[in-house]
Structure formats: C-alpha cells, structure tokens
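Structural features, examined
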Number of protein chains: 4
Amino acid sequence: MDIKKVGKINNSKKVIDIGDNIKIGGDNFVIIAGPCAVENEEQVNKTAEYLNKLGVKILRGGAFKPRTSPYSFQGLGFKGLKLLKNAAKSYNMKVISEIMDPRDIENAYEYVDIFQIGSRNMQNFSLLKEIGKVDKPVLLKRGMAATVEEWLMAAEYIALEGNENIILCERGIRTFENYTRNTLDLTAVPIIKDLSCLPIIVDPSHGTGRRNLVIPMSRAAVAVGADGLIIEVHPNPSEALSDGEQSLDFVEIKKLIHEINSIKTCINKFE
Amino acid sequence: MDIKKVGKINNSKKVIDIGDNIKIGGDNFVIIAGPCAVENEEQVNKTAEYLNKLGVKILRGGAFKPRTSPYSFQGLGFKGLKLLKNAAKSYNMKVISEIMDPRDIENAYEYVDIFQIGSRNMQNFSLLKEIGKVDKPVLLKRGMAATVEEWLMAAEYIALEGNENIILCERGIRTFENYTRNTLDLTAVPIIKDLSCLPIIVDPSHGTGRRNLVIPMSRAAVAVGADGLIIEVHPNPSEALSDGEQSLDFVEIKKLIHEINSIKTCINKFE
Amino acid sequence: MDIKKVGKINNSKKVIDIGDNIKIGGDNFVIIAGPCAVENEEQVNKTAEYLNKLGVKILRGGAFKPRTSPYSFQGLGFKGLKLLKNAAKSYNMKVISEIMDPRDIENAYEYVDIFQIGSRNMQNFSLLKEIGKVDKPVLLKRGMAATVEEWLMAAEYIALEGNENIILCERGIRTFENYTRNTLDLTAVPIIKDLSCLPIIVDPSHGTGRRNLVIPMSRAAVAVGADGLIIEVHPNPSEALSDGEQSLDFVEIKKLIHEINSIKTCINKFE
Amino acid sequence: MDIKKVGKINNSKKVIDIGDNIKIGGDNFVIIAGPCAVENEEQVNKTAEYLNKLGVKILRGGAFKPRTSPYSFQGLGFKGLKLLKNAAKSYNMKVISEIMDPRDIENAYEYVDIFQIGSRNMQNFSLLKEIGKVDKPVLLKRGMAATVEEWLMAAEYIALEGNENIILCERGIRTFENYTRNTLDLTAVPIIKDLSCLPIIVDPSHGTGRRNLVIPMSRAAVAVGADGLIIEVHPNPSEALSDGEQSLDFVEIKKLIHEINSIKTCINKFE
C-alpha cells in the first residue's frame with residue numbers, strides 16, 4: 001500500500017479542528033447527529049434544539065440525497081443547506097452535509113463546516129480532487145464494496161490536493177447477509193488506527209438500517225476505539241421522508257449518548 | 001422495481017444507432033475493442049488499423065482513467081481523446097471513452113461517439129443526470145457491488161433526462177473469490193433481457209482480469225445472449241501502462257472474433 | 001496451492017468411466033437430469049422414461065435432502081434411493097444421488113453409480129475421507145462460499161484416500177445479488193481446466209434458482225467449455241415438493257438439449 | 001422464519017449449565033480460552049495453568065482440526081482430547097472441543113464438556129441431528145457464509161432432537177475484504193438476542209485472523225452485549241502449529257481479560 005499523505009508517520013495522529021474549539025481525533029470523541037434529510041424548517045430546528053441540549057455540537061442533514069431511484073425524494077438542495085445552517089447557527093452548532101457534484105462545492109461552502117463524501121462517491125475521483133482543494137474538513141465514507149486499502153487511497157487523492165483534514169467514516173459494507181441493510185465492519189476501526197493517521201468515526205444508522213441495532217452497535221463502536229459516531233435522529237421517525245426505519249427518536253438518542261459516554265469513560269482508563 | 005423508461009414495454013427491444021449504419025441491440029452483435037488506456041499515437045493507430053481489418057467498428061480507449069491509487073497512470077486526458085478520435089477517423093471507426101466529470105462532457109463531445117460511465121460512477125447521480133441531457137449514446141457499466149435493480153435504476157436516471165440511448169455493460173461483480181479480479185455475472189444478461197428494453201454487452205477483460213479467461217468467457221457471453229463484447233486489446237500487452245495482464249494481443253483477438261462469430265451463427269438458428 | 005493428486009500433470013485430462021460406455025471428461029459431454037427430490041414411483045419413472053428418450057444416460061434425484069429448515073421435506077431416504085435405482089434400471093440409466101452421512105455410504109453403495117457430495121458438505125472432511133475409500137465415482141459440488149483453491153483442496157482430500165474418480169460441479173456462489181438464488185460463476189470452468197486434471201460440469205438449476213435462466217446459462221456453460229450439465233427436471237414443476245421454481249418441465253429440457261448439442265458441435269470445431 | 005424451539009418465547013433467555021456452577025447466558029459472562037490445536041502435553045498444561053490463574057474456567061483446544069489442505073496438521077485426534085481433558089482436570093476447568101464426525105461423538109463424550117460444531121459443519125445435518133441426541137451442551141459456530149436465519153435453523157435441527165443446550169458463536173463471515181481472515185459481524189449479537197432465546201458468544205480470533213485486532217474486537221463484543229468470548233491463546237504463538245498469527249500470548253490474554261471485565265462492569269449498570 002503506497003500511502004504517503006494519510007499513513008501513520010512517527011506514530012502521529014491527526015486532530016482536526018472544526019472551529020469553536022470542536023475537534024475530531026486524538027483524545028476527542030465526537031457525536032454528529034441529525035435527520036437523514038432536511039425536510040422543513042420546523043423539523044431541522046426542533047432536532048437541532050434538542051441535540052444541542054444533549055451536548056451535540058455538529059448537526060448532520062442531507063440536502064443532496066443520493067437515492068437509488070430517481071423517483072425517491074431527492075432532497076431540498078441548496079434550500080435544505082440554508083435551513084440546516086440556520087438551525088445550526090441558532091444553537092451554535094457546526095454543519096456537515098453531503099455534496100455529490102464538484103460544481104456545488106463553491107456555493108455550498110458558506111453553509112457547510114464539514115463536507116461529506118458519500119459511500120457511492122468514494123471513488124468519484126473528480127469530486128475527491130475538487131474537495132482536496134477546499135480549506136474545510138472532509139468526511140469520507142467508506143464505499144459499500146471498498147476494501148480498507150481502496151478507502152485509504154481515496155483519502156490519499158484528497159490529501160494530495162492539499163486538504164489533509166480528512167475524517168474517515170465506516171458505514172457498513174455489502175455482504176450476502178440481508179437481515180441488515182449493510183454489514184457494519186467495526187474491524188475497520190483498529191485497522192485504520194494501525195495504518196493511518198486519520199480519525200475514524202462510525203455510522204451505525206446506515207451500517208445496520210434498523211433502529212433497534214443502532215444503540216448496541218454504537219456501544220461497540222466506542223469500545224473498539226472509534227473517534228466518534230454519526231447518528232440519524234428524527235423528531236418523528238415514522239414520518240421521515242427517508243430512512244425512518246433507522247432513525248432514532250429523541251428518547252433513544254438521549255439513552256445512546258448516556259451509554260456511550262459511560263463506555264468512553266471506562267475505555268479511557270486503559271488506553 | 002419502479003422502472004418506467006428503461007423497462008420492457010410491449011416486449012419492445014431498443015436498437016441504438018451509433019451512426020454510419022452501426023447499431024447495437026436487436027439482431028446486431030457488436031464488438032468494441034481497443035487498449036485499456038490511450039498511451040501514444042503509435043499504439044492507438046496500430047491497434048485501430050489491425051482491429052479495422054478484423055471488422056471491428058468501435059474503438060475503445062481510456063483517456064480519463066479511474067485508478068485506485070493517485071500514483072498510478074491517470075490517462076492522457078483530452079490529449080488522449082484526440083489521439084483516439086484521429087485513429088478512429090483514419091479507419092472509419094467510432095469512439096467510446098469514459099468520462100468521469102460532468103464538466104468534461106461538453107469538451108469531450110466532439111471526440112466521443114459513445115460516452116462511457118464506469119463502474120465506480122454507476123451511482124454518481126450528478127454525472128448520470130448530465131449525461132442524460134446529451135444526444136449521444138451512453139454505455140453504463142454495472143457497479144462492482146450493484147444489484148441488477150440498482151443498475152436499472154441508474155439507467156432510469158439517465159433516461160429521465162431525455163437520453164434513452166443507453167447500452168448496459170456487465171463487467172464483473174465483487175465477491176469473496178480473489179483468483180479473478182471480479183466475478184463475471186453472466187446471468188445478468190438474460191435477467192436484463194427479461195426486465196428491460198436496453199441492449200446489454202459484456203466486458204470479459206475487467207470481468208476476469210486474466211488474459212487466458214477472456215476468450216472462454218467471451219464465448220459464454222455470446223451463447224447466453226449478450227448483444228456484444230467490449231475487449232481490451234494491446235499491440236504488446238506486456239508493456240501496457242495499465243491492465244496488461246488482461247489485454248489480448250492481436251493474435252488472440254483474431255481467434256476470439258472467429259470463435260464468437262461461429263457461436264453467434266449457431267445461436268441465431270434457434271432464437 | 002499444493003495440489004498433488006488432482007492437479008494438471010503433463011497436461012493430462014482425467015476421463016471418468018461410469019460403466020456401460022458412459023464417460024465423463026475428455027471429449028465426452030454429459031447431461032445429468034432428473035427431479036430435485038425423489039417423491040414417488042410414478043414421478044421418478046415418468047421422468048426417467050422421458051429423459052431416456054432424449055438420450056440422457058444419468059438420472060439424478062435427491063433421497064437425502066439437505067434443507068435449511070428441519071420442517072421442510074427431508075427426502076425419502078433409502079426408500080427414495082431404491083425408487084431411483086429401479087427407475088434407472090428400467091431405462092438403462094445410471095444413478096447419481098447425494099449422501100450426507102459417512103455411515104450411509106455402505107448401504108447406498110448398491111443403489112448409486114455416482115456419489116454426490118453437496119455444497120454444504122464440501123468441507124465435511126470426514127465425509128470426504130470416507131468417500132475417498134469407495135470405488136465408485138464422486139461428484140463434488142463447490143461450496144457456496146468456497147474459493148476455487150479450497151474446492152480443489154477438498155477434491156485432494158478424496159483423491160488422497162485412493163478415489164481419483166472425481167467430477168467437479170460449479171453450482172453458484174453466494175454474493176450480495178439476491179435476484180438469483182446464487183451467482184453462477186462460469187469462470188470457474190476455464191480456471192479448473194487450467195489448474196486441474198478433473199472434469200467439471202455445471203448446475204444451472206441451483207446456480208440460478210429460476211427456470212427461465214436455466215436454458216441461457218446452460219448454453220453459456222457449454223460455450224465456456226464445461227464437460228456437462230446437471231439439470232433439475234420435473235413432470236410438473238408447479239407441484240414439486242422442492243425446488244419447483246427452478247425445475248424444467250419436459251418441453252423445456254427437450255429444447256435445452258437441442259440447443260446445447262448444437263453449440264457443442266459448433267465449439268468442437270475450434271477446440 | 002419458522003423457529004419453534006430456539007426462538008424467543010415470552011422473552012425467555014436460556015441459561016446453560018456446564019456443571020460446577022459454570023453457566024453461560026443470562027447474567028453470566030464466559031471466557032473460553034486455549035490453543036487453536038492441542039500440540040503436546042506441556043503446551044496444553046502450561047496454557048491451562050496460566051488461564052486458570054486468570055479465572056478462565058473453560059479450556060478450548062482442537063483435537064480434530066478441519067484444515068483446508070489435507071497436507072496441513074490435522075490435529076492429534078483422541079490423543080489430543082485426552083491431553084486436553086487431563087490438563088483441564090488438573091485445574092478444575094471444563095473442556096470444549098470440536099467434533100467433525102458423528103461417529104466420534106460417543107468416544108469423545110467422556111473428554112468433552114461442550115461439543116463444538118465448527119463453521120464448515122454448520123449445515124452438516126447428520127452431525128447436527130446426532131449432537132442433538134447428546135446430553136451435553138453444544139457450541140454452534142456460524143457458517144462462514146450463513147445468514148442469521150440459516151444459523152438459527154441449524155440450531156433448530158439440534159434442538160428438535162432434544163438437546164436445547166445450544167450456545168451460538170459468531171466467528172466472522174466471508175466477504176470481499178481480505179485484509180482480515182473474515183469479517184466479524186458483531187451485529188449478529190443483538191439480532192440473535194432479538195430473535196432467539198439462545199446465548200451467543202464471539203470468536204475474535206478466527207473473526208479477524210490478526211492478533212492485534214483480537215483485543216479491540218473483544219472489547220466491542222462485550223459492549224454490544226455478547227454472553228462471552230472464545231479466544232485462542234498459545235504460550236508461544238510464533239511456534240504454534242496452526243493459527244499462530246491470531247493467537248494471543250499470556251501477556252495479551254491478561255490485558256484482554258482486564259479490559260473486558262472493566263467494560264462488562266460498565267455495561268451492567270445500564271442494562
């Protein structure tokens with residue numbers, strides 16, 4: 001594996017500064033949460049308000065949605081990004097959102113604090129190169145059939161253009177098992193820690209596709225050493241326009257945060 | 001599966017006109033051949049000259065190369081497209097080449113007769129939508145972890161924008177078997193014929209990754225009912241800048257064409 | 001790969017003698033057909049009678065059925081083997097049937113001309129060793145998640161005990177694609193031909209799980225160079241106790257045999 | 001899914017009694033450890049002595065080894081079982097060992113406290129039925145390409161014969177990722193808890209195939225809610241006759257036990 005930029009040199013670990021004293025990597029543990037898709041002002045504001053009370057500092061929300069079918073809800077686009085940014089501002093939160101088109105980066109720049117590259121675009125090399133020229137952090141999700149090596153090489157594409165503020169995100173791989181939406185490969189966490197200087201977080205929402213599996217897999221993600229979690233939360237999951245079956249409601253996200261904080265404290269003692 | 005544009009309506013079969021009386025689909029069987037990557041003028045001209053003698057009418061060649069590592073040869077870009085077009089013109093051939101960036105479509109338009117969307121970009125929805133607005137045919141490769149349903153929905157994205165001249169290409173899926181580069185899923189051919197009106201061709205070069213498997217798998221592709229083949233050919237495979245181990249030399253492509261013509265004649269009798 | 005017994009030494013090819021001038025491997029092409037499970041005397045006799053008219057010389061039929069659920073039909077056991085043998089005798093056919101328990105081999109010996117080891121037992125090493133001591137041919141199906149290398153090593157277990165009359169059978173591997181029951185990996189045929197002296201046949205019935213895919217995939221199997229086919233046939237597939245949705249009826253098996261004979265003749269010319 | 005015996009009825013959870021007050025399931029957390037293969041008296045005694053000091057109460061060790069190649073070390077057979085039993089006795093430990101042949105069960109009965117059915121035999125239905133008649137507990141490993149549903153149906157085969165003392169063991173599934181030996185699917189733990197009354201433990205040694213991944217994945221297994229772990233330990237992993245690269249040494253197993261106890265205490269508070 002020919003990693004020059006994102007490999008582990010002198011046992012270094014990259015800590016990524018999101019601003020306002022929010023950091024990802026190193027001794028920091030980050031929780032990113034929010035709706036799968038931005039649907040309307042009320043939904044996103046209500047979610048931001050509640051998450052903020054729980055101490056969540058980064059708000060997720062999809063504005064450009066990569067959907068298998070062109071007939072599914074495609075997201076609100078820039079209108080969604082604005083709603084998301086407004087909600088985040090009101091509660092002093094940062095924004096992460098997915099960009100799919102290199103031509104949208106410039107216009108999205110003012111609304112987004114972390115650019116997300118989704119699973120389906122992990123090897124969209126034009127997009128990787130373009131995001132590599134931006135001076136804001138990038139979350140790079142693992143492709144659903146990507147090996148760890150291919151994933152790190154995709155990060156290398158970004159880093160080579162100058163942007164080394166890359167956060168990796170394990171979100172499940174495609175296997176023969178169809179009880180879950182994907183197979184969450186938590187082994188990727190210690191492997192990445194071993195091979196790379198980049199922080200890695202886990203997405204148990206897409207990784208399982210089932211609400212009742214999100215909490216146990218989040219606990220496992222913390223215990224295995226992940227630098228954070230990204231979780232889908234919706235005020236009313238049963239009415240969500242997308243991914244309702246894997247979104248937590250407010251009671252569940254509260255329980256999740258309580259439990260992972262507890263495990264994190266435990267883990268910290270022996271690390 | 002909610003296919004409106006690319007499904008099989010009234011048992012219809014789409015025949016795609018490439019110009020100069022070259023057609024893909026229906027009763028036509030197409031052979032597309034050429035180097036993995038355009039390397040230099042001599043290589044591409046020599047290949048075009050030889051292929052033309054064998055009756056091949058569509059020349060393939062990569063100018064923009066999606067490589068796992070940013071340190072691998074990335075292709076010659078527009079310079080490569082021009083070399084390819086010139087070689088094709090000299091021998092009255094058509095050109096197919098991969099485009100990875102929606103911003104390159106306009107400039108590539110004059111050099112390309114069929115736009116190729118590669119496996120890694122099968123769900124690059126921005127690219128699909130943009131190519132859907134073009135008035136030239138598109139070859140849509142199956143994603144390496146895409147189900148047949150996801151593949152058809154990707155085609156639907158293109159068709160919805162207006163461009164219904166879509167050719168599908170099975171190029172192998174990712175499985176646990178690592179003796180071959182991918183696992184060529186020939187079953188996709190009769191399934192696509194059953195569900196869709198689109199023609200489907202097979203890429204045994206990427207599908208196997210091994211030269212000695214290309215001929216037998218090509219024979220199987222014809223027998224199973226594919227509408228054509230796309231084959232990597234190089235004047236000197238051992239010196240190729242990419243994919244040399246799966247490229248045929250001139251003697252091998254000649255043998256392949258002889259054999260598949262023979263099987264095609266046989267198959268035609270009972271279809 | 002450490003293959004001593006089943007590898008390709010001096011380019012040798014094993015031809016396996018089933019008796020009464022029936023041979024598998026070399027220049028011979030074999031069609032094995034019959035019901036998934038032996039259900040009753042009438043069903044198996046009717047099938048044998050019809051297949052015999054079509055020139056089929058080996059009758060398949062399950063007596064011991066490896067079913068995912070213990071509540072599914074488990075087969076008639078030795079009673080089924082006897083019915084199968086009687087039907088075969090009446091029409092001068094040979095019998096192939098699956099054995100799952102090493103303790104059943106002795107009692108099954110008189111009813112079976114070829115012992116079948118099923119996919120789920122490919123690495124049942126006790127069974128492999130026991131069947132290796134028998135003086136009748138063995139059909140070894142590929143495990144549903146077995147690499148070609150593991151498969152050949154399983155054959156080596158049998159050969160090491162003395163029984164070198166092994167026929168391999170590709171029957172589909174498990175992948176993420178769930179439109180078909182398995183993904184039929186036809187590439188295994190030329191790979192096995194390359195690495196091993198053993199004959200290899202193809203099972204498109206289990207390999208696809210869908211009746212309408214059996215004929216096209218059979219044609220592909222012949223074209224790719226397989227030494228034969230094993231096909232599920234039932235007088236009335238819609239009433240079959242198991243695998244009805246992948247069994248051919250009498251009209252379909254007739255069409256299949258006609259088509260593959262035609263392709264075989266074509267192939268023979270250039271081999 | 002038609003589970004009658006091993007499903008979750010009235011929210012019941014099965015606790016399995018191994019004797020001498022050792023229990024698996026419910027509020028108990030079990031650590032099973034020992035060498036991949038029993039090699040000689042000194043190796044197994046030394047390991048048992050050390051593990052006993054750490055509080056481990058169940059000793060693992062392979063006597064009948066299912067190896068891909070017939071030329072690999074096949075285990076010491078009954079001689080190995082005796083060495084294992086003697087070592088266990090000396091330190092008041094229980095023995096778990098794999099049986100591959102239904103004919104060996106009777107003779108193995110006196111040496112084994114828990115019978116193990118390995119991954120390759122998960123659908124060896126003859127073996128499942130035979131072990132279902134035994135009055136000692138069974139550890140049923142998940143097949144490397146088995147869905148959770150198929151796994152539970154395999155357990156149902158055992159339970160239907162009368163033996164309901166079944167412990168499930170997740171040991172990794174086969175995927176495209178080849179950096180690890182298998183992909184450890186920890187999601188199986190909460191799924192099994194949801195669908196079944198059976199306890200489930202995790203094997204991170206086979207699940208990863210790499211020593212440095214065993215500790216982090218063990219921590220994750222505890223956090224996700226597993227009922228225990230089975231770990232390969234060797235006095236000198238670099239000289240092990242099999243699986244040395246995934247075996248922990250004495251220092252590592254001590255660290256592992258310390259960490260998982262700590263996480264278990266933490267988890268218990270919120271469960």
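Cut-offs and rules
- Residues numbered from 1 in each chain as written.
- Chains lettered and ligands numbered in written order.
- Predicted model: local features only at pLDDT ≥ 70, side-chain atom pairs only at ≥ 80, totals over all residues.
- Heavy atoms only, no water.
- Helix = DSSP H or I, 4+ residues; strand = E, 2+ residues; numbered from the N terminus.
- Rg over C-alpha atoms; globule rule 2.2 N^0.38 Å.
- Contact = heavy atoms within 4.5 Å.
- Areas by Shrake-Rupley, 256 points an atom, 1.4 Å probe, with all protein chains shown as cover.
- Lys, Arg positive; Asp, Glu negative; His and termini not counted.
- Charge placed at Lys NZ, Arg CZ, Asp CG, Glu CD.
- Buried area = accessible area lost by both parts, 1.4 Å probe.
- Salt bridge = Lys/Arg side-chain N within 4 Å of Asp/Glu carboxyl O.
- Polar contact = N/O pair within 3.5 Å; in protein donor to acceptor, adjacent residues only side chain to side chain.
- Nonpolar A, V, L, I, M, F, W, Y, C, P; charged D, E, K, R; others polar.
- Core = buried A, V, L, I, M, F, W, Y, C linked by side-chain atoms within 4.5 Å.
- Buried < 20%, exposed > 50% of the residue type's maximum accessible area, 1.4 Å probe, protein only.
- UniProt positions renumbered as here; feature names shortened; annotations may be inferred.
- Disulfide = S-S within 2.5 Å.
- Least-squares fit on C-alpha atoms with pLDDT ≥ 70 in both.

A separate point is the overall build of chain A. A tally of regular secondary structure across chain A gives nine helices and 10 strands. Relative to the compact-globule value of 18 Å for 271 residues, chain A shows a C-alpha radius of gyration of 17 Å, a close match. Dimensions of chain A, computed from C-alpha atoms along their principal axes, come out at roughly 45 × 45 × 45 Å. Look at the contacts in chain A between residues 6 or more apart in sequence, and 69% of them connect residues 24 or more apart. When the accessible area of chain A is evaluated, it comes to approximately 9,000 Å², of which 42% is carbon and sulfur surface. Here chain A contributes 35 positively and 35 negatively charged side chains, and the mean placements of these two sets differ by 2 Å.

Another aspect to go through is the interface of chain D and chain C. Opposite the 32 residues of chain D that make contact, chain C presents 32 residues. Counting the surface lost from both chain D and chain C, the interface buries some 2,800 Å², and carbon and sulfur atoms represent 52% of this. Contact with chain C buries surface across chain D, with Thr-68, Tyr-71 and Arg-103 of chain D losing the most and accounting together for 22% of the total. For the pair chain D and chain C, the interface holds four salt bridges. When the shortest N-O distance is used, the salt bridge between Arg-103 of chain D and Glu-130 of chain C registers 2.9 Å. Taken together, the links from chain D to chain C amount to 20 residue pairs in polar contact (both at pLDDT 80 or more). Counting only elements with at least two residues in the side of chain D that touches chain C, the list comes to α4 (125-131) and α5 (148-160) of chain D. For the side of chain D that touches chain C, the leading source of residues is α5 of chain D, giving five residues. When its residues are assigned to classes, the side of chain D that touches chain C shows 12 nonpolar, eight polar and 12 charged.

As a further point, take the nonpolar core. If you look at the biggest cluster of nonpolar residues, it comprises 322 residues, and the most contacted ones within it are Leu-140 of chain A, Leu-140 of chain B, Leu-140 of chain C together with Leu-140 of chain D. Those residues in contact with Leu-140 of chain A that sit more than four places away from it in its chain are Ile-117, Met-122, Leu-128, Trp-151, Ala-154, Ala-155, Ile-158, Ile-166, Ile-167, Leu-168 and Cys-169 of chain A.

This next bit is on the UniProt feature "domain: DAHP synthetase I/KDSA" (unreviewed entry) in chain A. Mapped onto this numbering, the UniProt entry annotates "domain: DAHP synthetase I/KDSA" (unreviewed entry) at residues 16-259 of chain A. With 36% helix and 17% strand, the stretch residues 16-259 of chain A has end C-alpha atoms that lie 25 Å from each other.

All right, on to the state of the cysteines then. On inspection of all chains with the given rule, the structure shows zero disulfides over all chains. Free cysteine Cys-266 of chain A: the closest other cysteine sulfur is in Cys-266 of chain D, separated by 4.8 Å. There is no disulfide at Cys-197 of chain D, and the cysteine sulfur nearest it, in Cys-169 of chain D, is 17 Å away.

For the pair chain B and chain C, the superposition axis carries a translation of 0.0 Å, the fit reaches an RMSD of 0.0 Å, and the rotation angle comes to 180 degrees. A rotation of that kind, with that shift, is consistent with a two-fold axis. Taking the C-alpha atom as reference, chain B places Ala-220 of chain B closest to the rotation axis, 2.1 Å from it. Of all interface residues in chain B, 100% are interface residues in chain C too; the two copies therefore contact each other through one and the same surface.

As a further point, take the pattern of salt bridges. Residue and element names in this part refer to chain D. The final tally for this structure, using the stated rule, is 62 salt bridges over all chains. Note that Lys-5 and Glu-164 form a salt bridge whose closest N and O atoms lie 3.9 Å from each other. One end of the pair, Lys-5, is in the segment before β1 (16-19); the other, Glu-164, is in the loop between α5 and β8 (166-170), and 159 residues separate them in sequence.

Rotating chain D by 180 degrees about the axis while translating it 0.0 Å along that axis superimposes it on chain C, leaving an RMSD of 0.0 Å. Looking at the interface residues of chain D, 100% of them are also at the interface in chain C, so both copies use one shared face.

This next bit is on the interface of chain B and chain C. On the side of chain C, 39 residues touch chain B, which itself brings 39 residues to the contact. Interface of chain B and chain C: buried area, both sides summed, is about 3,200 Å²; carbon and sulfur atoms make up 68% of it. The tally of links from chain B across to chain C stands at two salt bridges. Across the salt bridge formed by Glu-177 of chain B and Arg-142 of chain C, the nearest N and O atoms sit 2.9 Å from each other. The interface formed by chain B and chain C includes eight residue pairs in polar contact (both at pLDDT 80 or more). If you list the elements that add at least two residues to the side of chain B that touches chain C, you get α6 (188-195), α8 (211-224) and α9 (250-270) of chain B. Among the elements that take part in the side of chain B that touches chain C, α8 of chain B stands out by supplying eight residues, more than any other. Among the residues forming the side of chain B that touches chain C, the class breakdown is 22 nonpolar, nine polar and eight charged.

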